[in-house]
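Listed below, chain by chain, are the residues.
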Amino acid sequence: MTRYEFLKSMGFKGAALMALMTSCIREEDTYINALTEKAIASTPVTPTPPVATTPGTGTGTTTGNGTDLSTIKNRLLTLDLTTAANAALLSAGGYVAVSGIVVAQVSAGVHVAATQTCSHKPRNRIIFNRTEFYCTDHGARFDLSGNGLNSLGSRGIAVYKVATDGKTLVVYS
């Protein structure tokens with residue numbers, strides 16, 4: 001029995017089911033494996049223990065080079081920008097999908113990150129498409145803040161904070 005089937009059998013549906021399905025950050029707990037397309041890379045994620053202090057601002061975008069990444073709490077994902085698997089993040093328009101999170105460079109040095117799970121149906125089908133997040137399964141569209149751009153995306157998606165020092169990129173909540 002899959003996690004999805006189990007939660008449905010327990011009576012979860014609608015928004016409650018979506019909240020439970022999108023709360024997973026481990027690949028083995030996702031409902032459907034990450035979408036595989038040419039522009040998407042897969043990188044193993046090493047959990048990073050949280051530390052005691054809080055970083056500066058930067059909701060949804062890179063906080064800038066020189067950021068002290070060791071001060072970031074609530075890490076969801078840490079990516080090494082020097083590896084080939086994450087090379088797409090070095091140019092505007094490039095993106096990767098890792099462990100249920102889509103990370104993209106929207107313009108020179110500006111990164112965004114969002115859940116890969118669509119709010120219309122709990123499937124990991126969100127990709128970055130030029131200037132927005134897009135669900136390849138049924139066409140839901142979301143702006144860089146996670147707000148829906150059409151009726152299928154009306155519920156929005158979660159967008160995370162991003163920080164980088166130029167070599168490492170951290171996605172956190």
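Refer to the structure printed above.
Each chain has its residues counted from 1, running along the sequence as written. Reporting of local features is limited, given that this is a predicted model, to residues whose pLDDT is at least 70; pairs of side-chain atoms are given and counted only at 80 or more, and all residues count toward the totals for whole chains, interfaces and linings. Only hydrogens and water are set aside when side-chain values are computed; all heavy atoms of the structure are taken into account.

Trainee: Can you help me understand the environment of Gln105 in this one?
Mentor: As for its position among the elements, Gln105 is in strand S3 (residues 101–107). Burial here depends on accessible area, computed with a 1.4 Å probe over protein chains only, as a share of the maximum for the residue type. Under 20% is buried, over 50% is exposed, and the range in between is partly exposed. Using a relative accessible area of 6% as the deciding quantity, one classes Gln105 as buried. Note: C-alpha distance between Gln105 and Tyr95 (10 residues apart in sequence) is 6.4 Å. In what follows, residue pairs with any heavy atoms lying within 4.5 Å of each other are defined as contacts. The contact partners of Gln105, leaving out residues within four places of it in the chain, are Leu89, Leu90, Ser91, Ala92, Gly93, Gly94, Val110, His111 and Phe128. Side-chain polar atoms of Gln105 contact the backbone oxygen of Leu89, separated by 2.5 Å. Under the DSSP-based scheme used, a helix requires at least four consecutive residues in state H or I and a strand at least two consecutive residues in state E, with every element numbered from the N terminus. What qualifies as a polar contact is a pair of N or O atoms within 3.5 Å, subject to a donor-acceptor requirement within protein and to the restriction that residues adjacent in sequence count only when both atoms come from side chains.

Trainee: It is not clear to me how the state of the cysteines should be interpreted in this structure. Could you clarify?
Mentor: Simply put, disulfide is the name for a covalent bond between the sulfur atoms of two cysteines. Disulfide: a pair of cysteine sulfur atoms within 2.5 Å of each other. Applying the stated criterion across every chain, the model contains 0 disulfides. Cys135 provides the cysteine sulfur closest to Cys118, a residue in no disulfide bond, and the two sulfurs are 3.8 Å apart. Taking the relative accessible area as the measure of exposure, Cys135 reaches 0% and is therefore buried.

Trainee: Just checking my understanding: could you explain the pairing of strand S2 (residues 95–98) for this structure?
Mentor: Looking along a regular strand, one sees side chains alternate from face to face of the sheet. By the alternation rule, side chains of S2 split into Tyr95 and Ala97 and Val96 and Val98, which are all buried. Here, strands pair whenever DSSP counts at least two bridges between them. In terms of strand pairing, S2 meets S3 through 4 bridges, oriented antiparallel. What sits directly across from Val98, in S3, is Ile101. Taken together, S2 and the strand that follows it, S3, pair antiparallel across an intervening segment of 2 residues, in which Ser99 is found at a positive phi of about 50°.

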